[in-house]
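Below, each chain spelled out in residue letters.
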Amino acid sequence: MSDVKKGLRAVALLEASKGILAMIVALVLHQLAGDHLAENIERILSRIGLSHSNPIYAFVVNHSDWFAPSRVGIVALLAVLYGLIRFVEAYGLWRSYTWTEWFALLSGAVYLPFELFEMVTNPNGVTLVVMLINITVVAYMAWVLRESRKNKANPAANKTIKT
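Residues numbered from 1 in each chain as written. Predicted model: local features only at pLDDT ≥ 70, side-chain atom pairs only at ≥ 80, totals over all residues. Heavy atoms only, no water.

1. Things to note about the pattern of salt bridges
The cut-off we apply is this: A side-chain nitrogen of Lys or Arg and a carboxyl oxygen of Asp or Glu constitute a salt bridge if their distance falls within 4 Å. Under the scheme used here, helices are H or I runs from DSSP no shorter than 4 residues and strands are E runs no shorter than 2 residues, and both carry numbers assigned from the N terminus. Note on classification: 1.4 Å probe, protein chains only; a residue is buried when its accessible area is under 20% of the maximum for its type, exposed when over 50%, partly exposed between these limits.
Per the stated rule, a full pass over the model turns up five salt bridges. Between Glu15 and Arg86 there is a salt bridge, with the nearest N and O atoms lying 3.0 Å from each other. Residue Glu15 is located in helix α1 (residues 3–32), and its partner Arg86 is located in helix α4 (residues 72–94); the two are separated by 71 residues in the primary sequence. The class of Glu15 is buried, set by a relative accessible area of 2%. Owing to a relative accessible area of 3%, Arg86 belongs among the buried residues under this scheme. Between Glu89 and Arg86 there is a salt bridge whose closest N-O contact spans 2.4 Å. Residue Glu89 and its partner Arg86 are located together in helix α4, separated by three residues, close to a single helical turn. Both residues of the pair, Glu89 and Arg86, count as buried.

2. Brief notes about unusual backbone geometry
Unusually for a residue other than glycine, Ser96 sits at a positive phi of about 65°. Structurally, Ser96 can be placed in the loop between α4 and α5 (98–121). Given the relative accessible area of 10%, Ser96 is considered buried.

3. A closer look at the environment of Val11
Selection criterion: Residue contacts are counted whenever heavy atoms from the two residues lie within 4.5 Å of one another.
Tracing the chain through its elements places Val11 in helix α1. For Val11, a relative accessible area of 6% translates into the label buried. Not counting chain neighbours up to four residues away, the residues in contact with Val11 comprise Leu93, Val137, Tyr140 and Met141.

4. What about the nonpolar core?
Where a protein is soluble and globular, its nonpolar side chains tend to be buried together. The following threshold applies: Working definition of a nonpolar core: buried Ala, Val, Leu, Ile, Met, Phe, Trp, Tyr and Cys residues. They are joined through side-chain atoms within 4.5 Å.
Membership of the largest hydrophobic core comes to 15 residues, with the highest contact counts inside it found for Leu8, Val11, Leu93, Leu105 and Met141. When neighbours within four sequence positions are excluded, Met141 is seen to be in contact with Leu8, Val11, Leu93, Glu101, Ala104 and Leu105. Residues Leu29, Leu37, Val60 and Val72 belong to the second largest nonpolar core, which totals 12 residues.

5. Here's the deal with the environment of Leu105
Tracing the backbone through its elements, the reader meets Leu105 in helix α5. Residue classification places Leu105 among the buried residues on the basis of a relative accessible area of 15%. In this structure the C-alpha to C-alpha distance between Leu105 and Ala68, which are 37 residues apart in sequence, comes to 35 Å.

6. Let's talk about the layout of surface pockets
Keep this limit in mind: Every definition here rests on a 1 Å grid over the protein atoms only: cavities are sets of points where a 1.4 Å probe fits but cannot get out, pockets are open sets enclosed by protein on both sides within 12 Å along at least five of seven lines, and lining residues have some atom within 4 Å of a point. Grid points are joined across faces, edges and corners, and a volume is the space filled by probe spheres set on the points. Residue polarity follows a fixed list, in which Ala, Val, Leu, Ile, Met, Phe, Trp, Tyr, Cys and Pro are nonpolar, Asp, Glu, Lys and Arg are charged, and the others, Gly among them, are polar.
In this structure, the largest pocket spans a volume of roughly 1900 Å³. Every residue lining the largest pocket is counted, 41 residues in all, and those nearest its centre are Leu21, Ile48, Leu50, Ile56 and Tyr82. The leading source of residues in the lining of the largest pocket is α1, at 11 residues. Of the residues assigned to the lining of the largest pocket, the class counts are 30 nonpolar, six polar and five charged.

This is the structure we're talking about:
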């Protein structure tokens, strides 16, 4: 197995982990559904290290009406859909599909401005680790796509990349 394929499989496992986490979130939302769901979610966000200035934290607080018992099913469904998207991405990366390589690059890059903002406004270890992992994945996917394009343009000159 080539090093590129091993790298893609590592990213696939990361994406599958995100999918599993999203499914757990959906289950927790379903289990915690009730009158105090918004407060429970705020407490969980605080415990994992998100500050009040974090865009995710602010989004949850500003949209706490979404977590009303009548709407929690929709939020849980969105978490399930997010998880399914991550599972599809993981499968595609595992199988080295080019479209999922592009998807991984773009979906990772979307989060970088928010992670950088969080590092500036509330630096902490969790945010740093998440940001470094994301930067690594985005840089790696950019490299894979660039090498793949180079390999397709001149297959005889560059036989090092096989996805």
